[in-house]
Amino acid sequence: MSRILLLLTLLSGSLAVLSVAQEPSAKQAPAPPVDLLQTNDLSKFTVTLQQVLAPVLVYDKKHNYVNGLQPDQFRLFDNDKEQNLTSVDVTYTPISLVVAVQANSEADKILPQVNKIGAMLKPIILGDQGEAAVIAYDHRVRLLQPFSSDPDDITKAIKGIKAGSTSSRLIDAVEQSIYLLRNKPKSRRRVLLVIGEGRDAGSEAHARETLEKLQLANVAVYFVDMSHIIGMLTKPAPDPRPAAQPPAAMGSLGGGHPSTPTTDDQAFGTDGYSADAIPLMVEIFRDVKNIFKVSTATLFTKGTGGEQFPFATSHGLEQAISAIGDELHSQYLITYTPNNLGDGGFHKINVEVVGRQFKCETKPGYFMSPIFH
């Protein structure tokens, strides 16, 4: 009997210890940032094509946004073949936004200005039904804030971004942003806002494959390019000697860089319409080298129907956020299932408004590789 009592006493004590161990702490420390490169395997990331989403901006002759159009006024062509439109949303669509901020050592002097924009995102871009996640990237890609509709969460995450190492894994950051956005409902607009330099340094992923994933996941990329202001802050003192060449001999890229057919303006024109990006998309798909020299930022924005904005001053950053909000809230969203999936290669998209001489701007198209057939 004494042995039984002893066993019961030991058993009850063990259960009490286990109960205490399992009981959650009243005050839990906030979860540390998640390194997305440690939790996701880039090599296993695949996207399948189900429907194509074409965000469309319509302009009049004065380049003002045209609002109030009806679904039956649109016609869409995929590789010049007219498509049956699944839906045409002419009203505001809730936005799921990932904000990716370059947080390496070169961005150290710029981050205090970037830290201030958190409070602008909710009223200008997201609206009442929007949500945002925040990541920062250097040699890591860290999730600082999962998707939240609380403006305080978003503001706190952006305000807390600090500078890190010298790497800038831009393409990997875009890749991980697709991970976050791809499972969002089709009823939401998937948008990536990158604030950083237009170049990549150290990514494992490749630009072309990541662009395909962006297009097939229907993610639009907007880029606030801080390359110019970082260059101003980090460049050496100017050489006081006069230039060896007269100004007329200098190309559009400045001294020592003659104007060539590979400059962005000559490749795309100055208006930024999607038709100007089609030659670039075709050459990228064919893996033709050294024909177009464009930044990673230009490739992702032109290829997804987004836009690229320069960031030279704090006021310029605020203007860019405002312009992005205006554009997103003025878009018509056309969804369709392609009736020509057998066509490999690059599928170009054209949109028209029936009976009106309006100019329509959308993404140039998407890639159809054999793995997606």
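Residues numbered from 1 in each chain as written. Predicted model: local features only at pLDDT ≥ 70, side-chain atom pairs only at ≥ 80, totals over all residues. Heavy atoms only, no water.

Peer 1: Help me understand the packing of aromatic side chains in this model?
Peer 2: Aromatic ring pairs: the centre-centre distance and the angle between the two ring planes describe each pair. A complete count under the given rule lists 3 aromatic pairs for this structure. With a centroid separation of 5.5 Å and 65° between ring planes, the pair formed by phenylalanine 346 and phenylalanine 367 is classed as edge-to-face. Of this pair, phenylalanine 346 sits in strand β13 (residues 345–353) while phenylalanine 367 sits in strand β15 (residues 365–368), and the two are 21 residues apart along the sequence. The burial state of phenylalanine 346 is the same as that of phenylalanine 367; both residues are buried. (Phe/Tyr/Trp six-rings, centres within 6.5 Å; stacked < 30°, edge-to-face > 60°. Helix = DSSP H or I, 4+ residues; strand = E, 2+ residues; numbered from the N terminus. Buried < 20%, exposed > 50% of the residue type's maximum accessible area, 1.4 Å probe, protein only.)

Peer 1: Honestly, the sheet that holds strand β2 (residues 52–59) in this entry has me stumped. Any pointers?
Peer 2: To summarise the sheet geometry, strands pair through backbone hydrogen bonds and adopt either a parallel or an antiparallel arrangement. Pairing within the open sheet is antiparallel, and its 4 strands lie in the order β5-β12-β2-β14. With one partner strand each, in any of the chains shown, β5 (85–89) and β14 (359–361) form the two edges of the open sheet. When strand polarity is set aside, the average angle formed by the axes of neighbouring strands in this sheet is 30°. Bridge count between β2 and strand β12 (residues 332–336): 5 bridges; the pairing is antiparallel. From the neighbouring strand, alanine 54 faces β12, where its bridge partner is isoleucine 334. (Pairing = 2+ DSSP bridges. Axes fitted to C-alpha atoms, helices over the stretch in contact; angles between N-to-C directions.)

Peer 1: Honestly, the environment of isoleucine 135 in this entry has me stumped. Any pointers?
Peer 2: Here isoleucine 135 lies in strand β7 (residues 131–137). Look at isoleucine 135 and you get buried, because its relative accessible area is 0%. When the C-alpha positions of isoleucine 135 and alanine 173 are compared, they lie 7.9 Å apart, and in sequence the two are 38 residues distant. Residues contacting isoleucine 135, with those up to four places away along its chain left out, are Leu36, Val98, Val99, Ala100, Val101, Val141, Arg142, Leu143, Leu144, Ala173, Ser177 and Leu180. (Contact = heavy atoms within 4.5 Å.)

Peer 1: Can you help me understand helix α11 (residues 296–304) in this one?
Peer 2: Residues spaced three or four apart along an α-helix face the same direction, because each turn holds 3.6 residues. Of all 9 residues making up α11, 9 are buried, and the element is well covered by its neighbours. Among the residues of α11, Thr296, Ala297, Thr298, Leu299, Phe300, Thr301, Lys302, Gly303 and Thr304 are the ones counted as buried.

Peer 1: What is the right way to look at unusual backbone geometry in this model?
Peer 2: Of all residues except glycine, most have a negative phi; of all peptide bonds, most are trans. With a phi angle near 65°, histidine 63 is a residue other than glycine that sits in the positive phi range. Along the polypeptide, histidine 63 turns up in the loop between β2 and β3 (74–78). The class of histidine 63 is partly exposed, set by a relative accessible area of 41%. Notably, asparagine 79 is not glycine yet its phi reads approximately 50°, a positive angle. Inspection of the secondary structure puts asparagine 79 in the loop between β3 and β4 (81–82).

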